[in-house]
Amino acid sequence: MSKIKSEVIDTALLENIKNIYRKISYAAIRSGRNPFDVKLVAVTKTVGIDKIKEAIDLGLRVFGENRVQEAQKKIADCRLQITDCKVEWHLVGHLQRNKAKTAVQLFDLIHSLGSIGLAEELNKHAERDSKIQRVLVQVKVSEEETKHGVARENLIDLIKAVSVMKNLKLEGLMTMPTFFDNPEMARPFFKELREIRDKAEESVSKAFGNKLPELSMGMTNDFEVAIEEGATMVRIGTGIFGERR
Ligand SMILES: *Cc1c(COP(=O)(O)O)cnc(C)c1O
C-alpha cells in the first residue's frame, strides 16, 4: 500500500470521492448489483498533474482523458513521477485516425472505437508495438449530429471486423447520450445500450464466441441511472474534480 505523499490532503477532493463511491454503491445495491462490478473512471481533462497525484494518493487508479494531445504530457509526467503503483489510463473522447499510433502507446483502454477504418489503424499500431489493445465500441444512441460512434445498424459489422483483428481485444460498448438536466431522461438510452449489447452478444457469439461484458455509460449528472441500467464503468469528471475551467 503506498502511503499518502501529499503534505495536505485536499478535503474537498476527498469528500467528492467519498460521495461518488457512496452513490455508486447505493445505485448498485438498489438495483440488485454488486458495487464492485462498477468501475470508476475519473475523467481528468483540464485537470493538472498535481491534482491527479492527489487523487492517486486518495486511492483512485483509473483515469480518463478525452484528447490524445492533452493526455500525452500528463501521462508521461505521471509515469515519471509515480512508479510504485499501477495507474490505468483510458481514452474516453473521440479519436482521429492520425492519432491512433499515439493512442496505442498511451492508453490501456480506448472507449471510442467507432469505425472499421479506425479499428484497422489501431490494430496495425498495436501489432507493431506487440500490444493487445483493449477497446470498447462507441455506439450512437441519440440522433444528435455531434455525437460520435457507430450507428446501431452498423454495429454488428464493426464487431465482426474487430473480432478477427488479432491485436484488438473488444471488451464491450460505450455511449454518451445527449445531456439532460433531468437524468431520468437519459435512462432510455442507457437501457437501449444494454439491450443492443445483449443482442450483439447473441448474434456474434455464434460465430466468434464473443462476450461484451463492459458497458461504459454515465457521467456526473446521470451515473446513478446508468448503474441502475447496467453500467460497469462510469466516467466522472466534475463530480470528482469540480467544475472545469
Ligand atoms: C468530460 C467527459 C466525461 C465526464 O463528464 P462530467 O460531466 O464532468 O462527469 C465523461 N465522458 C466523456 C467522453 C467526457 O468527455
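Residues numbered from 1 in each chain as written. Predicted model: local features only at pLDDT ≥ 70, side-chain atom pairs only at ≥ 80, totals over all residues. Heavy atoms only, no water.

Trainee: Let's hear about the site of the ligand: which residues, and what values?
Mentor: With respect to spatial proximity, the complete set of residues near the ligand consists of V43, K45, N66, V92, M176, M219, T220, R235, I236, G237, T238 and R244. One of the side-chain N or O atoms of K45 is found 2.6 Å from an oxygen atom in the ligand. In the environment of the ligand, a nitrogen atom lies 2.9 Å from a nitrogen or oxygen atom belonging to the side chain of R235. Alone, the ligand offers 390 Å² of accessible surface; in the complex the protein occludes 92% of this. Put simply, the ligand lies in the largest pocket. Along the lines of polarity and charge, the residues of the shell around the ligand split into five nonpolar, four polar and three charged. (Near = heavy atom within 4 Å. Polar contact = N/O pair within 3.5 Å; in protein donor to acceptor, adjacent residues only side chain to side chain. Areas by Shrake-Rupley, 256 points an atom, 1.4 Å probe, with all protein chains shown as cover. 1 Å grid on protein atoms, 1.4 Å probe; cavity = no way out; pocket = protein on both sides within 12 Å on 5 of 7 lines; lining within 4 Å. Sits in = over half its atoms within 2 Å of the grid points. Nonpolar A, V, L, I, M, F, W, Y, C, P; charged D, E, K, R; others polar.)

Trainee: Explain unusual backbone geometry to me, using residue names and the numbers behind them.
Mentor: One non-glycine residue, T46, lies in the positive phi region at around 70 degrees. Positive phi is not limited to glycine here, since S130 has a value of about 50 degrees. A relative accessible area of 67% means that S130 is categorised as exposed. (Buried < 20%, exposed > 50% of the residue type's maximum accessible area, 1.4 Å probe, protein only.)

Trainee: Quick rundown of the pairing of strand β7 (residues 168–174)? Include the residues and the values.
Mentor: The element β7 is largely enclosed, with a buried count of six among its seven residues. Across six bridges, the pairing between strand β5 (residues 133–140) and β7 is parallel. Opposite V137, over in β7, you have L173 as the bridge partner. Both β7 and strand β8 (residues 214–216) contribute to a ladder of three bridges, which runs parallel. Across the sheet, the residue bridging to L173 is L215, located in β8. (Helix = DSSP H or I, 4+ residues; strand = E, 2+ residues; numbered from the N terminus. Pairing = 2+ DSSP bridges.)

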